[in-house]
Amino acid sequence: MFKCHICGNSITSNTPAKRIVLETREHVFPPRKKVHLIPEHKRSKKKTAPDYADDPGGKGTQIVREALVCPECAAKTRI
Ligand SMILES: [Zn+2]
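The rules behind the values
- Residues numbered from 1 in each chain as written.
- Predicted model: local features only at pLDDT ≥ 70, side-chain atom pairs only at ≥ 80, totals over all residues.
- Helix = DSSP H or I, 4+ residues; strand = E, 2+ residues; numbered from the N terminus.
- Rg over C-alpha atoms; globule rule 2.2 N^0.38 Å.
- Buried ≥ 20, exposed ≤ 12 C-beta atoms within 10 Å, placed from the backbone.
- Contact = placed C-beta atoms within 7 Å.

K.L.:
Can you lay out the overall build of the chain for me, pointing to particular residues and giving the numbers?
P.N.:
Secondary structure summary: the chain contains one helix and six strands in total. Secondary structure elements in the chain, listed N-terminal to C-terminal, are β-β-β-β-β-β-α. For 79 residues, the compact-globule formula gives about 12 Å, and the C-alpha radius of gyration of the chain, at 21 Å, lies well above that figure. For the chain, the spread of C-alpha atoms along the principal axes amounts to about 60 × 30 × 20 Å. For the chain, buried positions account for 5% of its 79 residues.

Below is the structure:
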């Protein structure tokens, strides 16, 4: 049981809540060294190569605000 953040109605139990994204922002992720574990079958047999790969970083989006809504409101807000 929850209260819809858009229409304000109390939703009965056994009704799944939906999360909708209200606001996002651009974000630049910095590069990180040795964070991805390379799978065993892709590693070099010689043990001279590292077991971890670097993450190059990059640009993406982050969620700033989201709302918990009922299925009807989620269907209305979907474009
Ligand atoms: Zn609603």
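After that view, the rundown keeps rolling.
K.L.:
Tell me what's going on with the environment of Ile38, and back it up with residues and numbers.
P.N.:
Mapped onto the elements, Ile38 comes out in the loop between strand 4 (32–37) and strand 5 (52–55). According to the C-beta neighbour criterion, Ile38 is partly exposed, with 13 such atoms within 10 Å. Considering only alpha carbons, one finds Ile38 and Pro50, twelve residues apart in sequence, at a separation of 8.6 Å. Excluding anything up to four places from it in sequence, Ile38 contacts Arg43, Asp51, Tyr52 and Ala53.

In short, geometric facts, not functional conclusions.
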